[in-house]
Amino acid sequence: VWLGIVPVGPSNVRLNSSYKTRDLRDYKNDLGNAIANFSRVIPDGLLVFFPSFVVMNKCVEAWQSPLSSGGAAGSIWDHITRYKQPIIEPRESKLFAHAAEDFKAKLDDPSYSGAIFFGV
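Everything in this summary refers to the structure shown in the same document. (Residues numbered from 1 in each chain as written. Predicted model: local features only at pLDDT ≥ 70, side-chain atom pairs only at ≥ 80, totals over all residues. Heavy atoms only, no water.)

### Digging into helix 1 (residues 25-41)
Here helix 1 spans 25 Å end to end across 17 residues, near enough to the 24 Å set by a 1.5 Å rise per residue. Within helix 1, the full set of buried residues consists of Y27, K28, D30, L31, G32, A34, I35, A36 and S39. (Helix = DSSP H or I, 4+ residues; strand = E, 2+ residues; numbered from the N terminus. Expected span 1.5 Å × (residues − 1). Buried < 20%, exposed > 50% of the residue type's maximum accessible area, 1.4 Å probe, protein only.)

Here it is as structure tokens:
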């Protein structure tokens, strides 16, 4: 188990989710690319936490958009989910137990190479 805070992304953008930076495209892209890189090299599961549901949802939405470099590259989300099955924490607390069970089931399923849980 490794627990840590990653201060910069692969393009050396500070991964600071302050109010001033959280909506910047460079921040969201580098955060997503860092997660994609971790998804590729870390076996089994990843837990990724955000300061709020709003920030998490905006990041996921940005990552699901096609990259501007052309159609062949896909999206950052495509790069993340190539290696890990995603689970996004539901806003409704009564659904959290189901999301946690889904994460565990995907970790235990040998047809997947792991799972990634996005939460708050």
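Now that the structure has been shown, we can carry on.
### What to know about the layout of surface pockets
Looking at the largest pocket, its volume works out to about 860 Å³. Together, 22 residues line the largest pocket, and W2, G4, L47, V48 and F49 are the ones closest to its centre. Across the lining of the largest pocket, the residue classes tally to 19 nonpolar, three polar and no charged. (1 Å grid on protein atoms, 1.4 Å probe; cavity = no way out; pocket = protein on both sides within 12 Å on 5 of 7 lines; lining within 4 Å. Points joined across faces, edges and corners; volume = space filled by probe spheres on them. Nonpolar A, V, L, I, M, F, W, Y, C, P; charged D, E, K, R; others polar.)

### As for the packing of aromatic side chains
This structure, assessed with the given rule, holds six aromatic pairs. Consider the rings of F50 and W63, whose centres lie 6.2 Å apart with planes at 50 degrees: the pair is tilted. In this pair, F50 is assigned in the loop between strand 1 (44-49) and helix 2 (53-64) and W63 in helix 2, connecting sequence segments 13 residues apart. Look at F50 and you get buried, because its relative accessible area is 7%. Exposure remark for W63: the relative accessible area of 0% places this residue in the buried category. On the basis of an interplanar angle of 80 degrees and a centroid distance of 5.9 Å, the ring pair of F96 and F117 is categorised as edge-to-face. Of this pair, F96 sits in helix 4 (residues 96-108) while F117 sits in strand 3 (residues 114-119), and the two are 21 residues apart along the sequence. Its relative accessible area of 5% is what places F117 among the buried residues. Clustering of aromatic rings is evident, with ring pairs tying together F50, W63, W77 and F118. (Phe/Tyr/Trp six-rings, centres within 6.5 Å; stacked < 30°, edge-to-face > 60°.)

### A short note on the nonpolar core
Core analysis: the largest hydrophobic core is formed by 20 residues, its most contacted members being L31, I35, F50, W63, I80 and F118. Listed by contribution, the elements that provide at least two residues to this core are helix 1, strand 1, helix 2, helix 3 (76-81) and strand 3. Counting residues per element, this core draws most heavily on helix 2, at six residues. Contact partners of L31, with chain neighbours within four places excluded, come to L15, F50, C59 and W63. Core analysis: the next-biggest nonpolar cluster, separate from the first, contains five residues, I87, A99, F103 and F117 among them. (Core = buried A, V, L, I, M, F, W, Y, C linked by side-chain atoms within 4.5 Å. Contact = heavy atoms within 4.5 Å.)

### Points about the pairing of strand 3
Both faces of the sheet carry side chains from a regular strand, because those side chains alternate between them. Burial analysis of strand 3 places six of its six residues in the buried class, the great majority of the element. Every second residue of strand 3 is oriented toward a common face, with G114, I116 and F118 on one face and A115, F117 and G119 on the other, all of them buried. Where strand 2 (residues 85-88) meets strand 3, four bridges bridge the pair, whose relative direction is parallel. Within strand 3, the position partnered with I88 by the bridge is F118. Taken together, strand 2, helix 4 and strand 3 form a β-α-β motif whose crossover is right-handed. (Pairing = 2+ DSSP bridges. Right-handed = clockwise from strand over helix to strand, strands pointing away.)

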